[in-house]
Amino acid sequence: MKKGKVIVGLSGGVDSTVAAYLLKEQGYEVIGVTMEMWQGAHSAEAIRDARRVAEAIGIPFAVLDFTKEFRACVVEDFITQYQQGLTPNPCIVCNRRVKGQALLDKAKEMGAEYIATGHYARIEKHPKTGRYAVRNSATAVKDQTYALYRLSQEQLSAMLLPIGEYTKEAVREIAEKIDGFVAKKGDSQDICFIPDGDYAAFIERESGERGRAGDFVDMEGNVVGRHKGLIHYTVGQRKGLGLSLGKPVFVYGVDTEKNQVRLCDNETLFQRKVCAGSLAHMAYERFAEGMRFQAKIRYAHKAAWCTVTRAEADYLEVTFDEPQRAITPGQSLVLYDGEYVAGGGFVLPAGMEKERE
């Protein structure tokens, strides 16, 4: 007996292949789709490999064009954020706006009840609040809950993440049964629309605007050199500065009004307070002062204990028990209640903290 129809996003990689296979084994009516989001050689290869695995699994396959949605919601946002001196994580926006909402809308048109992806995470109802929440996957090494924290309750209720219960090694073993070629494919590491990892060159190419040179300054405001444009720098960066000051220096932050990059020593990069806006509420419908969570300030960050010191409808301030290195505006502060994502928001630049009335 079929459990229902599910649209699975097939990238042609190991994880999404196994996700589709597991759902078919569990009795779902599975349709594999490749979401064409950014045209190019990588996209053509992904479509070819996805069609191959769909045939191996024995499920229908289609290519869906999401290039307009992806450019408008993800690429343009990425460029704008960088030009404003922020360091965004485009996968977070894509998971919410494209892989979450646009795919769900298309699934409904196709008469499907569910969508599914190959993310390493689990979706469950939070034991205390009863709200849908993303829960840590069975494998901490591959856990992708950080990138899913902006999913809505509607999206979570219709989303299946079948590989969240497996380790990467177990997933590869399953993939070997399906298609030996796909099982040996490596993991994607770079942003899908910037495969060479050169963000600044991509932004200049797509926006038609070259980076404007300006001053490197120290923490006292003294000019110590010239930079080649703000989009080339992010908080905590040491390499690629092109400076010889006789000691290690790191990017403390960028000032878009003065077109300056401020530099500091390593110790100055450690801070305890983080302010976040554009909040997303997951396991918790609201936050309140005094709440204790573990939090991540970037994807690969080890979660650390913090206390909510101010909470409003769309503004959050937390203080970590121990100072954290290189808190970066534009990245996300994601709060965890045990293994469950409580919610989070985008890290705000210094100077955007709200004063108490």
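Definitions and cut-offs
- Residues numbered from 1 in each chain as written.
- Predicted model: local features only at pLDDT ≥ 70, side-chain atom pairs only at ≥ 80, totals over all residues.
- Heavy atoms only, no water.
- Helix = DSSP H or I, 4+ residues; strand = E, 2+ residues; numbered from the N terminus.
- Rg over C-alpha atoms; globule rule 2.2 N^0.38 Å.
- Buried < 20%, exposed > 50% of the residue type's maximum accessible area, 1.4 Å probe, protein only.
- Contact = heavy atoms within 4.5 Å.
- Areas by Shrake-Rupley, 256 points an atom, 1.4 Å probe, with all protein chains shown as cover.
- Lys, Arg positive; Asp, Glu negative; His and termini not counted.
- Charge placed at Lys NZ, Arg CZ, Asp CG, Glu CD.
- Core = buried A, V, L, I, M, F, W, Y, C linked by side-chain atoms within 4.5 Å.
- Pairing = 2+ DSSP bridges.
- Axes fitted to C-alpha atoms, helices over the stretch in contact; angles between N-to-C directions.

Chemist: Looking at this structure, I do not really get the overall build of the chain. What am I missing?
Modeler: Looking only at helices and strands, the chain features 8 helices and 17 strands. For 357 residues, the compact-globule estimate of 2.2 N^0.38 gives 21 Å, and the chain sits close to it at 22 Å. Oriented by its inertia axes, the alpha-carbon framework of the chain measures out at about 70 × 45 × 35 Å. Looking at the chain as a whole, 52% of its 357 residues qualify as buried. Contacts spanning at least 24 positions in sequence make up 66% of the contacts within the chain whose residues lie at least 6 apart. For the chain, the exposed area adds up to about 17,100 Å²; of that, 47% sits on carbon and sulfur atoms. Seen as two clouds, the 47 positive and the 48 negative side-chain charges of the chain have centres 2 Å apart.

Chemist: Which parts of the structure should I look at to understand the nonpolar core?
Modeler: A general trend in soluble globular proteins is that nonpolar side chains are found buried together. One finds Val98, Phe193, Leu333 and Leu335 to be the most contacted residues of the largest nonpolar core, which totals 69 residues. Here this core gets 8 residues from one element, more than from any other, and that element is helix α4 (residues 90-109). In this structure, Phe193 is in contact with Trp38, Phe70, Val74, Val75, Phe78, Pro90 and Phe202, ignoring residues within four places of it in sequence. By size, the runner-up hydrophobic cluster in this structure holds 26 residues, among which are Tyr28, Val30, Ile59 and Val182.

Chemist: Looking at this structure, I do not really get helix α8 (residues 199-207). What am I missing?
Modeler: An α-helix turns once per 3.6 residues; consequently, residues spaced three or four apart project the same way. Considered for burial, the residues of α8 that qualify are Ala200, Phe202, Ile203 and Glu204. Tucked into the core, α8 has its buried residues touching α3 (67-83).

Chemist: Before we go on, may I ask you to explain the sheet that holds strand β2 (residues 29-36) in this structure?
Modeler: Whether parallel or antiparallel, the strands of a sheet pair through hydrogen bonds between backbone atoms. Across the sheet, which stays open at both edges, the 5 strands sit in the order β3-β2-β1-β4-β7 with parallel pairing between neighbours. The open sheet has two edge strands, β3 (61-65) and β7 (159-160), and neither has a second partner. Sheet topology places strand β1 (residues 5-9) next to β2; 5 bridges connect them, and they run parallel. Note on β2: the bridge partner recorded for Val6 is Val30. Where helix α1 (residues 14-25) meets the sheet, it contacts β1, β2, β4 (114-116) and β7, and its direction lies at approximately 165° from that of β1.

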